[in-house]
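Spelled out from the first residue to the last, the chains are:
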Amino acid sequence: MPNDVFGSLDPRGPVAAEMADVWWFMFGLGLVVFILFAVLLVSGLFRDKGSDRGMGSSSHRWIVGGGVVLPVVVVTVVFGVTLAAMRILPVGGSGDAVVVDVIGHQWWWEVHYPDHDVTTANEIHMPVGRPVELRLSSADVIHSFWVPSLGGKLDLLPDRVNTMEFSADEPGEYRGVCAEFCGTQHAKMGFLAVAESPAEFEAWLATQSQQAAEPVGEVAARGREVFSEVGCADCHTIEGTDAVGTTGPDLTHLATRETLAAATLPNTPEHLADWVGDPQEIKEGVNMPDLPIGEEDMAALLAYLEGLE
Ligand code: CUA
């Protein structure tokens, strides 16, 4: 799980930094207006009540100035600052950007690197300092992609591709979330953006583009059979085997991932056993069913999954 959980006001990339600047500007402006009105309110309380009865011309000036002119000026300035920030934010198509296709599902993230023939889930690796062009779409309902410390939100829609770009200034694991209610387990639709050195990123791509590791030992080999027999293979793909399902996450390199169930659990043997053994307990309503698997077969299945590096 990420040890660095940064919010949108602690930006770790240029896009998020630009947005944080706009936020602080609006906060400062709001503070000034708040103090101005607090001072006027208090001074009004202590005014000599006999001095100004009825609606004199000075009252009209205050109403027009404070009720019309000031709001129009403030809103116009905020609008201008926001437009200026939006103009310099990249929307995709930078020459050296790493292209990543992200497809939202209830409730996980399908991730493809089309230029590298890599498919993974719930984890987006990226080289530090280089832009990532995200092409976002959905397989079912509307989701929203958001890594607060790296950039803004953008919806994932069925039958449409929305693009955005961001980059990270320093290595780290940045937590991402689904930012639009998409069903009962919306809150458990997380992911990680992992920024690493270019060399580490290339090494990761090289690993991910390989076929699945052969099971080591009899138990794990039996696990691969169980994977097909009990129906896991109907929904999940493991490259190099007969498992070619596409409704669930690709598991070819499951053991290299940091989390399980869309950043719901750390990827440890104990949590893997909990998740495979009783997914409905951990994420009620998820498409993954509780499968009746005997104790011995379950141990074999887990041994196989833990070996998918
Ligand atoms: Cu997907 Cu909320």
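Please read all numbers here as calculations on a predicted model, not as lab measurements. (Residues numbered from 1 in each chain as written. Predicted model: local features only at pLDDT ≥ 70, side-chain atom pairs only at ≥ 80, totals over all residues. Heavy atoms only, no water.)

1. Overview of the environment of M126
Here's step 1: Counting through the fold element by element, M126 comes out in strand β4 (residues 123-127).
Here's step 2: Sequence separation of M126 and A97 is 29 residues, and the distance between their C-alpha atoms is 10.0 Å.
Here's step 3: Contact partners of M126, with chain neighbours within four places excluded, come to V132, L150, F166, S167, A168, A193, V194, A195, E196 and F201. (Helix = DSSP H or I, 4+ residues; strand = E, 2+ residues; numbered from the N terminus. Contact = heavy atoms within 4.5 Å.)

2. As for the packing of helix α4 (residues 218-229) against helix α8 (residues 295-306)
Here's step 1: In contact at an axis separation of 7 Å, α4 and α8 are set at 100 degrees when each is read in the N-to-C sense. One element, α4, and the other, α8, form an angle in the roughly perpendicular class. Across the interface between the two elements, V219, A220, R222, G223, R224, V226 and F227 from α4 touch D297, A299, A300, L301, A303, Y304 and L305 from α8. (Axes fitted to C-alpha atoms, helices over the stretch in contact; angles between N-to-C directions. Parallel < 35°, antiparallel > 145°, perpendicular 65-115°, else oblique.)

3. As for the domain arrangement of the protein chain
Here's step 1: Taken domain by domain, the protein chain consists of domain 1 (1-198) and domain 2 (218-306).
Here's step 2: On a C-alpha basis, the centroid separation for the pair domain 1 and domain 2 is 35 Å.
Here's step 3: In this complex, domain 1 contributes 18 residues to the contact, which on the side of domain 2 involves 20 residues.
Here's step 4: Of the roughly 1,500 Å² buried at the junction of domain 1 and domain 2 (both faces included), carbon and sulfur atoms supply 53%.
Here's step 5: The tally of links from domain 1 across to domain 2 stands at zero salt bridges.
Here's step 6: The interface formed by domain 1 and domain 2 includes eight residue pairs in polar contact (both at pLDDT 80 or more).
Here's step 7: At the level of secondary structure, the elements contributing two or more residues to the side of domain 1 that touches domain 2 comprise β3 (118-121), β9 (172-178) and β10 (190-196).
Here's step 8: In terms of residue class, the side of domain 1 that touches domain 2 is made up of seven nonpolar, seven polar and four charged. (Domains from an automatic or database assignment. Buried area = accessible area lost by both parts, 1.4 Å probe. Salt bridge = Lys/Arg side-chain N within 4 Å of Asp/Glu carboxyl O. Polar contact = N/O pair within 3.5 Å; in protein donor to acceptor, adjacent residues only side chain to side chain. Nonpolar A, V, L, I, M, F, W, Y, C, P; charged D, E, K, R; others polar.)

4. Re the packing of aromatic side chains
Here's step 1: All told, the structure shown has 11 aromatic pairs when counted by the stated rule.
Here's step 2: On the numbers, 5.7 Å between centres and 90 degrees between planes, the contact of W24 with F27 is edge-to-face. Note that W24 and F27 are positioned in helix α1 (residues 14-45) at a spacing of three residues, about one turn of the helix.
Here's step 3: Taking relative accessible area as the criterion, W24 reaches 44% and is therefore assigned partly exposed.
Here's step 4: Residues F227 and Y304 carry aromatic rings whose centres are separated by 6.3 Å and whose planes lie at 70 degrees to one another, so their mutual orientation is edge-to-face. With F227 in helix α4 and Y304 in helix α8, this residue pair connects regions lying 77 residues apart in the sequence.
Here's step 5: Using a relative accessible area of 3% as the deciding quantity, one classes F227 as buried.
Here's step 6: Y304 sits in the buried class, given a relative accessible area of 2%. (Phe/Tyr/Trp six-rings, centres within 6.5 Å; stacked < 30°, edge-to-face > 60°. Buried < 20%, exposed > 50% of the residue type's maximum accessible area, 1.4 Å probe, protein only.)

5. Comments concerning the sheet that holds strand β8 (residues 162-166)
Here's step 1: The mixed open sheet is built from five strands, whose spatial order is β3-β2-β1-β5-β8. The sheet is open, and its two edges are formed by β3 and β8, each paired on a single side. Strand after strand, the sheet turns through a mean of 25 degrees between neighbouring axes, direction not considered.
Here's step 2: Across four bridges, strand β2 (residues 108-113) lies against β3 in antiparallel orientation. Bridging from a neighbouring strand, Y113 pairs with V118 of β3.
Here's step 3: On the sheet, helix α3 (residues 198-208) packs against β1 (98-105), β2 and β3 and is oriented at approximately 95 degrees with respect to β3. (Pairing = 2+ DSSP bridges.)

6. Looking at the nonpolar core
Here's step 1: Formed by 56 residues in total, the largest nonpolar core has its most connected members in Y113, L134, F145 and F227.
Here's step 2: Per-element accounting of this core gives the leading share, five residues, to α8.
Here's step 3: Per-domain counts for this core show at least three residues from each of domain 1 (1-198) and domain 2 (218-306).
Here's step 4: Setting aside residues no more than four positions away along its own chain, Y113 makes contact with V98, V99, V100, V118, I124, H125, F201, W204 and L205. (Core = buried A, V, L, I, M, F, W, Y, C linked by side-chain atoms within 4.5 Å.)

7. Things to note about the pattern of salt bridges
Here's step 1: Following the criterion strictly, the structure yields seven salt bridges and no others.
Here's step 2: Here R12 and E170 are joined by a salt bridge, their closest N and O atoms 3.3 Å apart. With R12 in the segment before α1 and E170 in the loop between β8 and β9, this pair connects stretches of sequence that are 158 residues apart.
Here's step 3: Take R12: its relative accessible area is 16%, and that puts it in the buried class.
Here's step 4: Measuring nitrogen to oxygen at the nearest pair gives 3.0 Å for the salt bridge that ties R222 to E225. Of this pair, R222 and E225 both sit in helix α4, three residues apart, roughly one helical turn.
Here's step 5: Judged by relative accessible area, which is 27%, R222 ranks as partly exposed.
Here's step 6: Owing to a relative accessible area of 44%, E225 belongs among the partly exposed residues under this scheme.

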